[in-house]
Amino acid sequence: TPALVLLLAGIALQSVAQVEIDWAWVAGLLGGPSAVSGLGEGASVLSGPSSAPEESARFLSWLRLQMEQDIHTYRSGYLEIFLAQAPEVAAQQSTFFYKRHLFEIGGMMLIGMALYRWGVLSGLRSARFYLGLAIFGFLVGGWLRGAEVFAAYQQGFDPLLAARMDTLVRDLGRLPLALGHLGLIGLLCRWPRAPRLTAALGATGRLALTHYITQTLFAITLFYGFGLGLFGQLERWQLALVCLGVWAFQIGLSVIWMARYRYGPLEWVWRSLVFGRAQSL
């Protein structure tokens with residue numbers, strides 16, 4: 001099976017690299033079922049014929065109806081949105097967790113542990129290593145993404161095809177693209193003229209939990225009906241400006257906060273709960 005292939009590849013890499021990578025091949029076992037689950041349908045997306053026109057038309061009609069319902073729901077009040085999201089939240093925390101999330105998150109976490117043990121996440125590797133990692137990651141990930149986009153272009157951006165494009169490439173293309181980003185970050189950290197930028201990003205990373213929650217608060221206040229109710233009203237370029245504005249605010253806040261305190265506000269709460277006593281700020 002593909003999971004067994006990943007296991008054997010991990011063991012072979014361990015013997016060639018002469019380093020302990022137990023986490024890496026365990027990650028292959030965990031990540032394998034997630035990737036394999038989408039191989040059949042994803043392969044048909046990349047190489048198979050387009051769906052029948054009438055099937056696509058029915059899907060597009062259904063999709064438009066769903067969009068109209070979503071716009072109406074998320075412009076409503078808190079209770080309506082809560083009741084609409086409850087079944088989805090229940091499914092994500094039960095069925096989808098055991099089908100996908102456990103493998104995806106667990107596999108990626110174990111791969112991250114292996115990268116940390118190798119010194120990759122600590123910036124201990126050479127600039128040549130990070131350059132190679134960036135080139136490899138973007139070439140492989142870009143090829144997978146590009147094949148998907150080209151298939152969609154050839155078939156006229158069929159709406160049903162687009163809905164099925166979330167299977168194969170999302171799983172197989174995610175890791176190499178993440179490695180490509182990691183290679184770029186490694187190069188950035190080794191650039192002599194970048195300490196101010198890397199310090200700002202480092203401060204932002206130390207407030208990760210705080211930013212995760214505050215982005216949610218920003219979004220529901222801006223888009224939901226019990227806030228400004230802008231759900232479905234902004235163009236993509238306007239949404240990009242909102243995104244950049246939130247980023248600028250959070251990066252600036254991080255630099256100011258970390259110049260005065262040891263932890264972010266929610267990070268301080270979390271650490272205090274873990275240690276059972278209030279931590280010093």
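So, a few notes on the structure that sits alongside this text. Per chain, residues are indexed from 1 in the order of the written sequence. In keeping with the model being predicted, local features are shown solely for residues with a pLDDT of at least 70 and side-chain atom pairs are shown and tallied solely at 80 or more, while totals for entire chains, interfaces and linings include all residues. Computation of side-chain values covers all heavy atoms of the structure but excludes hydrogens and water.

Some words on the overall build of the chain
Link 1 in the chain: Scanning the chain from N- to C-terminus turns up 13 helices and zero strands.
Link 2 in the chain: A run of H or I in DSSP becomes a helix once it reaches four residues, and a run of E becomes a strand once it reaches two; helices and strands are each numbered from the N terminus. Shown N-terminal to C-terminal, the secondary structure of the chain runs as helices and strands in the order α-α-α-α-α-α-α-α-α-α-α-α-α.
Link 3 in the chain: Residue contacts are defined here by distance: any two heavy atoms, one from each residue, within 4.5 Å place the two residues in contact. Partitioning the intrachain contacts of the chain with sequence separation of at least 6 by distance along the chain shows that 70% fall at a separation of at least 24.
Link 4 in the chain: Entry remark: accessible area of the chain is about 18,300 Å², with carbon and sulfur atoms responsible for 69%. Computed with a 1.4 Å probe, the accessible areas rest on the Shrake-Rupley method; for each residue, only the protein chains presented here act as cover.

Brief notes about the nonpolar core
Link 1 in the chain: Within this scheme, the nonpolar core is defined by two criteria: the residues are buried Ala, Val, Leu, Ile, Met, Phe, Trp, Tyr or Cys, and they are joined through side-chain atoms within 4.5 Å. For the exposure calls, accessible area comes from a 1.4 Å probe over protein chains only, and a residue counts as buried if that area is under 20% of its type's maximum, exposed if over 50%, partly exposed in between. Listed in full, the six residues of the largest apolar core are Leu-115, Val-120, Tyr-130, Leu-133, Leu-179 and Leu-182.
Link 2 in the chain: Mapped by element, the contributors of at least two residues to this core are α7 (127–154) and α9 (168–190).

A word on the packing of helix α11 (residues 208–223) against helix α13 (residues 265–275)
The packing of two helices is summarised by the inter-axis angle and the distance between the axes.
Link 1 in the chain: Between the N-to-C directions of two axes lies an angle of 0 to 180 degrees, each axis being a line fitted to C-alpha atoms and, for a helix, fitted only over the stretch in contact. The N-to-C vectors of α11 and α13 enclose an angle of 120°; their axes lie 6 Å apart at closest approach. The pairing of α11 with α13 is recorded here as oblique in orientation. Seen along the crossing, α11 lies across α13 with a hand that is right-handed. Listed contacts from α13 to Ala-208, Leu-209, Thr-210 and Ile-213 of α11 are Pro-265, Leu-266, Glu-267 and Trp-270. For classification purposes, an angle smaller than 35 degrees is called roughly parallel, one larger than 145 roughly antiparallel, one from 65 to 115 roughly perpendicular, and anything else oblique. For any helix crossing, the convention is left-handed if the near helix is rotated counterclockwise from the far helix by under a right angle, and right-handed if that rotation is clockwise.

Points about helix α6 (residues 95–117)
Link 1 in the chain: One fewer than the residue count of a helix, multiplied by 1.5 Å, yields its expected span. Along its 23 residues, α6 runs 33 Å from first to last C-alpha, staying within 8% of the 33 Å computed at 1.5 Å per residue.
Link 2 in the chain: Throughout, bend refers to the angle between the axes fitted to the seven residues that end at a position and the seven residues that start at it. Of all the bends in α6, the largest measures some 50° and sits at His-101.
Link 3 in the chain: When α6 is considered as a whole, its buried residues turn out to be Arg-100, Glu-104, Gly-106, Gly-107, Leu-110, Ala-114 and Leu-115.
Link 4 in the chain: Looking at the residues trailing α6, positive phi occurs at Gly-119, about 85°.

A word on the side chain of Ser-254
Link 1 in the chain: As for its position among the elements, Ser-254 is in helix α12 (residues 236–258).
Link 2 in the chain: Discounting chain neighbours no more than four positions away, the residues touching Ser-254 are Ala-203, Thr-204, Leu-207 and His-211.

Points about a nonpolar patch on the surface
Link 1 in the chain: Nonpolar side chains (Val, Leu, Ile, Met, Phe, Trp, Tyr) are joined into patches within 5 Å and like charges within 9 Å, using only residues with over 30% relative accessible area and no salt bridge. Here, a salt bridge means any side-chain nitrogen of Lys or Arg that lies within 4 Å of a carboxyl oxygen of Asp or Glu. The grouping of Leu-209, Tyr-212, Ile-213, Leu-217, Leu-266, Val-269, Trp-270, Leu-273, Val-274 and Phe-275 at the surface amounts to a nonpolar patch, some 1,000 Å² of accessible area in total.
Link 2 in the chain: Counting residues per element, the ones that place at least two in the nonpolar patch are α11 and α13.
Link 3 in the chain: At six residues, the largest contribution of residues to the nonpolar patch is made by α13.
Link 4 in the chain: Its location among the elements puts Val-269 in helix α13.
Link 5 in the chain: Looking at Val-269, the relative accessible area reads 35%, which means it is partly exposed.

A short note on the packing of aromatic side chains
Any pair of aromatic rings gets described here by the distance separating the centres and the angle formed by the planes.
Link 1 in the chain: Paired rings are identified among Phe, Tyr and Trp, the last through its six-membered ring, by centres lying within 6.5 Å, and are further divided according to the angle between planes into stacked (under 30 degrees), edge-to-face (over 60) and tilted (the rest). Tallied over the entire structure, the rule returns ten aromatic pairs.
Link 2 in the chain: Their ring planes at 85° and their centres at 5.6 Å tell us that Phe-129 and Tyr-130 sit as a pair that is edge-to-face.
Link 3 in the chain: With relative accessibility at 29%, the residue Phe-129 sits in the partly exposed group.
Link 4 in the chain: You can call Tyr-130 buried: its relative accessible area is 0%.
Link 5 in the chain: On the basis of an interplanar angle of 75° and a centroid distance of 5.7 Å, the ring pair of Phe-218 and Phe-249 is categorised as edge-to-face. On the criterion of sequence distance, the pair formed by Phe-218 in helix α11 and Phe-249 in helix α12 is long-range, its members being 31 residues apart.
Link 6 in the chain: The exposure class of Phe-218 is partly exposed, given its relative accessible area of 35%.
Link 7 in the chain: Taken together through their ring pairs, the aromatic side chains of Tyr-74, Tyr-78, Phe-82, Tyr-224, Phe-226 and Phe-231 make up a single cluster.
Link 8 in the chain: For a lysine, the NZ atom is tested; for an arginine, the CZ atom; a charge sits over a ring if that atom is within 6 Å of the ring centre and within 35 degrees of the ring normal. Here the guanidinium or amino end of Arg-125 rests over the ring plane of Phe-129, the centre of that ring lying 4.8 Å away.

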